[in-house]
Amino acid sequence: MGSGGLELPPGDDGHQGNSTDVPPGAVSLARPMNAGAIGPELDWDADAWHEVRTRAQRAGRAYIWLNLVEQRLRAVVAAVLRPIYEPVHGDDWVVAAAGPAGQEWVQRAVAVREVSRRKGYLLDPADDNVLSFLTLPQLRELMVQHWPCFEPYVDERRDVELALDELEVTRNVVSRNRALSEAVLNQAERASARLLEVLGAGSDVPSARRLPVDAVEDLVGDRYADVVAVHSDRVRLLRQFPAEDLFGSARRVDALGIGLNLLVQNFSGRRLVRMAESGGRVRLLFLNPASSAIKRRERELGIKRGELSRAVEMNILHMRRVRARLRDPGAFEIQVFDETPRFTAYLVDGDGADGIAVVQSYLRRTRGMEAPVLVLRNGRNGGKVVKSDQLDEGGLFPTYREEFELMWADSRPVS
């Protein structure tokens with residue numbers, strides 16, 4: 001009999017003669033569940049982990065750009081406003097610059113600075129100032145309030161404000177660790193690059209006109225020598241880096257491969273003529289369509305005999321027609337080699353610090369369109385883009401450039 005005058009049912013079937021009858025008025029108790037079925041499901045499946053990693057990668061990229069922009073804007077504000085206010089107000093020059101309109105947020109920054117001091121959060125003495133505790137919108141407010149002071153150094157106030165408006169969405173998402181869409185991330189990267197350019201911190205690397213220097217590349221590039229991009233196949237390469245961007249402003253193109261389809265089939269012959277006529281130089285090195293090496297490649301790919309050699313022949317004929325239109329054919333050289341092809345490489349302006357290279361290795365049973373692609377930038381040293389007189393010969397770019405020159409010296413010209 002229970003405490004409320006109700007009879008409890010038997011605990012199991014074997015109790016009291018295995019009787020399953022429940023007397024009238026008895027309270028039915030639920031049987032205990034298995035321990036594994038109690039509480040929420042805490043494990044993440046593969047899809048959940050993939051989503052989390054994607055979010056973290058996007059947030060990480062966005063944070064790097066935002067960090068660069070905030071540091072640059074802080075430096076610009078300090079360089080312009082400190083000489084005006086510090087002689088009169090000393091260490092309180094930021095408070096004075098904020099004025100009555102910014103009294104609330106600048107006092108909040110002062111309070112956060114004091115808390116950080118007491119708790120030992122200030123790891124660098126250079127950050128022990130109020131300016132280091134201002135947020136991006138507050139730095140923007142200082143610039144807007146004192147725009148006449150910044151006008152001699154910044155061309156368009158509207159460009160600055162539009163870029164900061166675009167960054168505000170990303171800043172809020174990243175600061176609260178929410179999901180950041182790829183579209184918003186791309187917008188933030190473009191806005192950050194534009195803002196850094198306006199604030200005088202744009203890249204001075206010549207090749208940046210062709211392949212912009214990425215913030216992540218600039219920070220961790222030393223981990224990957226001079227490799228700035230990797231694509232699983234040529235289709236993805238052309239989607240991110242069209243042939244027009246690669247060859248459009250080139251002054252020199254050296255290409256080595258079987259058929260050189262990336263150049264021949266994706267870039268206009270008229271553009272090549274204009275490049276050569278304006279002082280540029282083109283050197284194309286094809287695999288000899290009559291060589292035994294091309295027959296071996298046909299067997300590797302499992303294609304009909306003569307199919308690849310005819311395709312290479314057509315590409316060579318097309319380039320010969322382009323060369324024939326030039327007043328100086330010496331600016332457009334075509335040669336063939338007979339060795340086993342090991343890779344295809346397109347070296348754009350490879351003789352200077354602004355060189356870009358696209359390299360693919362030849363794989364068995366894999367056509368060139370489907371092979372992985374490396375994009376290299378010449379002139380990297382320890383993750384920093386350097387000038388031509390400081391080139392580091394330890395990267396991959398000089399290796400492929402040297403290999404091209406050796407192959408070119410051993411090849412035969414096409415008349």
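Residues numbered from 1 in each chain as written. Predicted model: local features only at pLDDT ≥ 70, side-chain atom pairs only at ≥ 80, totals over all residues. Heavy atoms only, no water.

J.: Quick one: what's the story with the nonpolar core, residue by residue and with numbers?
T.: Counting 60 residues, the largest nonpolar core has F247, L284, F286, M319 and F332 as the members making the most contacts within it. Counting 44 residues, the second-largest nonpolar core is a separate cluster that includes W93, V95, V154 and L199. (Core = buried A, V, L, I, M, F, W, Y, C linked by side-chain atoms within 4.5 Å. Buried < 20%, exposed > 50% of the residue type's maximum accessible area, 1.4 Å probe, protein only.)

J.: Explain the packing of aromatic side chains residue by residue, including any values.
T.: Here the distance between the centres and the angle between the planes together describe a pair of aromatic rings. In this structure the tally under the stated criterion is five aromatic pairs. Ring centres 4.9 Å apart and planes at 75° place the aromatic pair W44 and W49 in the edge-to-face group. Grouping aromatic residues by their ring pairs yields a cluster made of F247, F267 and Y346. The ring of W408 carries R283 above its face, with NZ or CZ at 5.3 Å from the centroid. (Phe/Tyr/Trp six-rings, centres within 6.5 Å; stacked < 30°, edge-to-face > 60°. Lys NZ or Arg CZ within 6 Å of the ring centre and 35° of its normal.)

J.: Go over the pairing of strand 7 (residues 373-377), please, and point to the residues and values.
T.: In terms of burial, strand 7 is a largely internal element, four of the five residues being buried. Bridging between strand 1 (residues 227-231) and strand 7 involves four bridges; their strand directions are antiparallel. From the neighbouring strand, V227 faces strand 7, where its bridge partner is L376. Taken together, the four bridges between strand 6 (residues 356-361) and strand 7 define a ladder with antiparallel strand orientation. Note on strand 7: the bridge partner recorded for A357 is L376. (Helix = DSSP H or I, 4+ residues; strand = E, 2+ residues; numbered from the N terminus. Pairing = 2+ DSSP bridges.)

J.: Could you give an account of unusual backbone geometry, naming the residues involved and the relevant values?
T.: Despite not being glycine, N177 has its phi angle at roughly 55°, a positive value. With respect to the secondary-structure elements, N177 resides in the loop between helix 6 (157-175) and helix 7 (182-198).

J.: Can you tell me about the sheet that holds strand 7, naming the residues and giving the values?
T.: Reading across the sheet, the eight strands line up as 1-7-6-5-2-3-4-10 and stay open at both edges, with mixed pairing between neighbours. Taken across any chain shown, the strands that pair with only one partner, and hence form the sheet edges, are strand 1 and strand 10 (412-413). Direction of pairing for strand 2 (residues 252-257) relative to strand 3 (residues 281-287): parallel, over a ladder of six bridges. Note on strand 3: the bridge partner recorded for A255 is L284. Across the sheet, helix 15 (residues 397-409) lies against strand 2, strand 3, strand 4 (332-337), strand 5 (343-348), strand 6 and strand 7, angled at about 75° from strand 3, the strand it touches most. (Contact = heavy atoms within 4.5 Å. Axes fitted to C-alpha atoms, helices over the stretch in contact; angles between N-to-C directions.)

J.: Break down the environment of M275 for me, with residues and values.
T.: Inspection of the secondary structure assignment puts M275 in helix 12 (residues 269-277). Counting along the chain gives 24 residues from M275 to R251, while the straight-line C-alpha distance between them is 6.6 Å. Ignoring any residue separated from it by four or fewer positions in sequence, one finds M275 in contact with F247, A250, V253, F267, G280 and V282.

J.: Requested: an account of the pairing of strand 6, with residues and values cited.
T.: Counting buried positions along strand 6 gives five out of six residues, so the element sits mostly inside the fold. By the bridge criterion, six bridges tie strand 5 to strand 6 in an arrangement that is antiparallel. Residue V348 lies in a different strand from strand 6, and its bridge partner there is I356.

J.: Now, about the environment of V228: what can you tell me, with residues and values included?
T.: Relative to the elements of secondary structure, V228 occurs in strand 1. Residues V228 and V375 lie 147 residues apart in sequence; the distance between their C-alpha atoms is 5.8 Å.

J.: Break down the side chain of E189 for me, with residues and values.
T.: Locating E189 in the fold gives a position in helix 7. For E189, the residues in contact, after removing those within four places along its chain, are R61, W65 and D214.

J.: Run through helix 4 (residues 136-145), naming residues and quoting values.
T.: Along helix 4, the residues that are buried comprise L136, Q138, L139, R140, L142 and M143. The inward-facing, buried residues of helix 4 abut helix 1 (46-89), helix 2 (93-98), helix 3 (103-119), helix 5 (147-150) and helix 6.

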